[in-house]
Amino acid sequence: MKKLGLFLGFITLTLTSVAQSTEQTALTLTLEQALEIALSESPTIKVAEQEIEIKRYAKQETYASLYPRFDATAQYQRVLAKQTMSMDFGGTTQTIKVGSDNSFNGGITGSMPIVNAQLWESLKVSVADVVLAVEKARSSQIDMIEQVSQAYFSVLLAKESLVVYQRVYDNAVENNKNIKKRYEVGSVSEYDFISSNVSVQNAIPNVIEAQNSVVLALWQLKALLGIDLNKNIDVAGSLADYEAQMNYAHTIDQLDLSKNSTLKQLNIQEGMLESALKITKLANVPTLSINAAYLYTALGNDGKFFQAKAWNPYSYAGVQLNIPIFAGNQRRAATRQAKLNLSNLQLQRENAERQLRVAVVNSLNNMQTNVKKFSAAAATVSQAQRGYDIAVKRYEVGRGTLVDVDNSQLQLTQAELGRNSAIYNFLIAKISLDKILGNHEVKSNHSYIGEYKSMYEKRYGNK
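Residues numbered from 1 in each chain as written. Predicted model: local features only at pLDDT ≥ 70, side-chain atom pairs only at ≥ 80, totals over all residues. Heavy atoms only, no water.

**Q** What am I meant to see in the overall build of the chain here?
**A** Tallying secondary structure elements over the chain gives 9 helices and 8 strands in all. Put simply, the chain has 463 residues, and 37% of those count as buried. Sequence separation of 24 or more characterises 84% of the internal contacts of the chain that already satisfy a separation of 6 or more. Entry remark: accessible area of the chain is about 27100 Å², with carbon and sulfur atoms responsible for 54%. (Helix = DSSP H or I, 4+ residues; strand = E, 2+ residues; numbered from the N terminus. Buried < 20%, exposed > 50% of the residue type's maximum accessible area, 1.4 Å probe, protein only. Contact = heavy atoms within 4.5 Å. Areas by Shrake-Rupley, 256 points an atom, 1.4 Å probe, with all protein chains shown as cover.)

Put into C-alpha cells, the structure is as follows:
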C-alpha cells in the first residue's frame with residue numbers, strides 16, 4: 001500500500017511539474033496570431049505568391065508582341081563549288097562558273113504587327129491567367145486558414161479532455177485517501193478499498209493518453225505554422241470562449257456560393273476557354289504587319305572580299321499581308337477541340353456547384369446537430385456534477401455505495417466530454433462552411449492585383 005501511495009504521489013507531482021513548466025516556458029498564441037504566422041511563413045503560400053509573379057511576367061511577355069521587334073543578323077557563306085552555267089553561243093556551248101568564293105549578309109531587321117486579331121485576343125487570356133493565379137493563391141490561403149483553425153481547435157479540445165481526465169484522476173485520488181482512512185479504522189470493507197485503488201489506477205492511462213494528445217496536437221499546429229517542433233508553444237483560450245458562435249443560424253437558401261474559390265477558378269477558366277475558342281476562329285482572319293531592314297552585303301573572291309568597295313548597303317521597308325486560305329483542316333479541328341473543352345468545363349462547373357451545395361447542407365446539418373448536442377450536454381453537466389457530489393456524500397454517511405460514486409463520475413465525465421466535443425465539432429463544421437462560402441478574409445502583398453482584376457472584369461464581366 002505504501003508503494004502504491006508513493007507511485008500515486010509521483011504521478012501527481014510529475015503531472016503538476018509538467019503543467020507548470022509548460023505555463024512558464026511556452027509561447028502562447030491566439031488563433032489570430034497563429035493564422036498570421038501561417039499565412040506569412042508557410043511554403044505553400046509563398047509558392048502561390050511566386051506563381052502570381054510568374055504569370056505577371058508571362059503577361060508582360062505577351063504584351064511585348066505588340067511593340068516593334070529589332071534583330072541584328074549576320075550570315076557568312078564560303079562557296080565550296082561554284083554554280084556552273086552552260087550557254088549556247090553560235091552553236092558552240094560554253095560553260096561558265098558564276099558566283100564568288102565568299103558572301104556576307106548582315107545588318108538590322110525590324111517588324112511590328114498592325115492587324116493581328118489572334119494576338120489581341122491572346123492578351124485577354126494573359127490577363128485572365130494572372131487573375132487565375134491570384135485566385136489560386138487566395139484558395140491556398142483559405143485552405144491554410146482552415147487547416148490552422150482545425151489544428152488550433154484540436155489543441156483546445158485535447159487540453160479540455162486533459163482537464164476532464166485530470167479531474168477524474170484527482171477525484172479518484174481524493175476518494176481513495178478518504179476510503180483508506182476509513183478502511184484503517186474498519187468503517188469500510190476491504191472490497192471498497194481495493195475498488196478505490198483500482199479506480200485510481202484506471203484513471204492514470206486516460207490522463208497519460210490525454211497528455212499525449214495535447215503534445216501531438218501541438219506538434220501538428222507547429223508543423224502547419226512552420227515553427228521548430230522543439231519549440232514549446234501553447235494556445236490561448238478555451239472551447240467555452242466560442243460558445244457564442246453556436247447561435248449561428250442559416251438555411252441553404254440564404255447562403256451564397258459566389259465567393260467560393262473553386263467556382264471562381266472555374267469561371268475564370270471558362271472565360272479563358274472562350275477566348276481560346278475565339279483565337280482559333282481568328283486564325284482565319286488576315287494579318288497585317290510592317291517589315292523593315294538595313295543590311296550590308298559583300299561578295300568577292302579571296303583577296304578582294306575585305307576590300308571596302310566590296311561592301312554595299314541596302315535597305316527596305318514594306319507591309320506584309322497574310323491571308324489564310326487552307327491549312328489541311330487544322331483550324332477547323334482546333335475550333336472543334338476548343339468548343340469541346342469549353343463544354344467539358346461547363347459540365348465540370350455544374351457538377352462542382354452541385355457537390356458544393358451538398359457540402360453546404362452537410363455542414364449546416366452538422367452545425368445544427370452539434371448545437372442540439374451542446375444544449376443537451378450543457379444541461380447534463382450541471383446535473384451530473386450535482387449527482388456526483390450527492391453520491392460522494394451518500395457514500396460518506398453510509399447510505400450509498402462506491403458503485404454509485406463510480407457511476408456518477410462516469411456520467412459526469414461523459415457529459416463534460418460530450419459538451420466539449422459538441423463545441424469542437426460545431427467549430428469544425430463552421431470552418432468547413434466558411435471555406436466553401438469563401439468567407440475567410442485573405443490578404444495579398446501585391447499592390448497591382450486590383451488593377452488586373454479591373455482589367456479582367458472589363459473583358460469578361462464579374463465572373
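So, next bit.
**Q** What's the story with the pattern of salt bridges in this structure? I'm lost.
**A** Side chains that carry opposite charge are capable of pairing whenever their charged atoms lie near each other. Per the stated rule, a full pass over the model turns up 16 salt bridges. Between Arg56 and Glu53 there is a salt bridge, and its shortest N-O distance comes to 3.6 Å. Placement of the pair is Arg56 and Glu53 together in helix H3 (residues 43–63), with a separation of 3 residues, close to one helical turn. Of the charged contacts, one joins Glu353 and Arg349 as a salt bridge, the two residues approaching to 3.0 Å between their closest N and O atoms. Taken together, the residues span about one helical turn, with Glu353 and Arg349 both in helix H7 (residues 330–396) at a distance of 4 residues. Taken together, the shared-partner salt bridges in this structure form one network comprising Glu51, Lys55 and Asp129. (Salt bridge = Lys/Arg side-chain N within 4 Å of Asp/Glu carboxyl O.)

**Q** Looking at this structure, I do not really get the packing of H3 against helix H4 (residues 117–184). What am I missing?
**A** Two quantities define a packed helix pair, namely the angle between the helix axes and the distance between the axes. Between H3 and H4, the shortest axis-to-axis distance is 9 Å and the interhelical angle comes to 175°. As far as their axial angle goes, H4 and H3 are roughly antiparallel. (Axes fitted to C-alpha atoms, helices over the stretch in contact; angles between N-to-C directions. Parallel < 35°, antiparallel > 145°, perpendicular 65-115°, else oblique.)

**Q** Explanation requested: a nonpolar patch on the surface in the structure shown.
**A** On the surface, Met112, Ile114, Val115, Trp120, Ile290 and Val319 cluster together into a nonpolar patch covering about 490 Å² of accessible area. Per element, the largest residue contribution to the nonpolar patch is 3 residues, and it comes from strand S5 (residues 102–115). Among the structural elements, Met112 can be located in strand S5. (Patch = residues over 30% accessible without salt bridge, like charges linked within 9 Å, V, L, I, M, F, W, Y side chains within 5 Å.)

**Q** Sorry if this is basic, but what is going on with the nonpolar core here?
**A** Looking at soluble globular proteins, one finds that nonpolar side chains tend to be buried together. Counting residues in each nonpolar core, the largest one holds 50 residues, and the members touching the most others are Val148, Tyr152, Phe153, Leu221, Leu225 and Val360. Put simply, the parts of the chain that give this core at least two residues each are helix H2 (31–41), H4, helix H5 (190–225), strand S6 (233–235), helix H6 (261–281), H7 and helix H8 (402–437). The element best represented in this core is H8, accounting for 11 residues. For Leu221, the contacting residues outside a window of four places in its chain are Val148, Ala151, Tyr152, Val155, Ile233 and Val235. Counting residues in each nonpolar core, the second largest holds 13 residues, with Val381, Ala384, Tyr388 and Val392 among its members. (Core = buried A, V, L, I, M, F, W, Y, C linked by side-chain atoms within 4.5 Å.)

**Q** What exactly am I supposed to notice about H3 here?
**A** Given 3.6 residues to a turn, an α-helix orients residues that are three or four positions apart in the same direction. In this model, H3 (21 residues) spans 30 Å end to end at C-alpha, consistent with the 30 Å of a helix rising 1.5 Å per residue. Of all the residues in H3, the buried ones are Ile45, Ala48, Glu49, Ile52, Arg56, Lys59 and Tyr63. Buried residues in H3, looked at end-on, bunch into an arc of 100°, giving them a common side. In this structure, H3 carries Pro43, Val47, Gln50, Tyr57 and Glu61 as exposed residues pointing more than 90 degrees from its buried face. (Expected span 1.5 Å × (residues − 1). Arc of directions from axis to C-beta.)

**Q** What is the right way to read H7 from this model?
**A** The first and last C-alpha atoms of H7 sit 94 Å apart over 67 residues, in line with the 99 Å expected at 1.5 Å per residue. After H7 finishes, the residue Gly398 shows a positive phi value of roughly 85°.

**Q** Is there a simple way to think about the environment of Ser432 in this case?
**A** Mapped onto the elements of the fold, Ser432 is located in helix H8. When its relative accessible area of 21% is taken as the criterion, Ser432 is described as partly exposed. Once the C-alpha coordinates of Ser432 and Ser363 are considered, the two residues, 69 residues apart in sequence, prove to be 6.9 Å apart. Every residue in contact with Ser432, bar those within four places of it in the chain, is listed here: Glu146, Gln150 and Ser363.

**Q** Just checking my understanding: could you explain the packing of aromatic side chains for this structure?
**A** This structure, assessed with the given rule, holds 4 aromatic pairs. An angle of 85° between the planes, with centres 6.1 Å apart, marks the rings of Tyr152 and Phe153 as edge-to-face. For Tyr152, a relative accessible area of 1% puts it in the buried group. Overall, the relative accessible area of 4% leaves Phe153 in the buried class. Between Tyr294 and Tyr296 the ring centres are 5.9 Å apart and the planes differ by 80°, which places this aromatic pair in the edge-to-face class. For Tyr296, a relative accessible area of 34% gives the class partly exposed. Here a set of aromatic residues connected by ring pairs shows up, and it is made of Tyr152, Phe153 and Tyr242. The ring of Tyr57 carries the charged tip of Arg56 above its face, separated from the ring centre by 5.9 Å. (Phe/Tyr/Trp six-rings, centres within 6.5 Å; stacked < 30°, edge-to-face > 60°. Lys NZ or Arg CZ within 6 Å of the ring centre and 35° of its normal.)

**Q** I'm lost on the confidence of the model for the chain in this one. Help?
**A** Detail in the predicted coordinates should be disregarded across regions flagged by low pLDDT. Looking at the chain as a whole, its pLDDT mean stands at 84, while 86% of the residues score no less than 70. Taken together, the stretch residues 1–13 has pLDDT below 50 and engages in 11 contacts with residues farther than four places along the chain or on a different chain. Low pLDDT, under 50, characterises residues 15–23; the stretch is placed with 5 contacts to residues that sit more than four places away or in other chains. (pLDDT = per-residue confidence, 0-100.)

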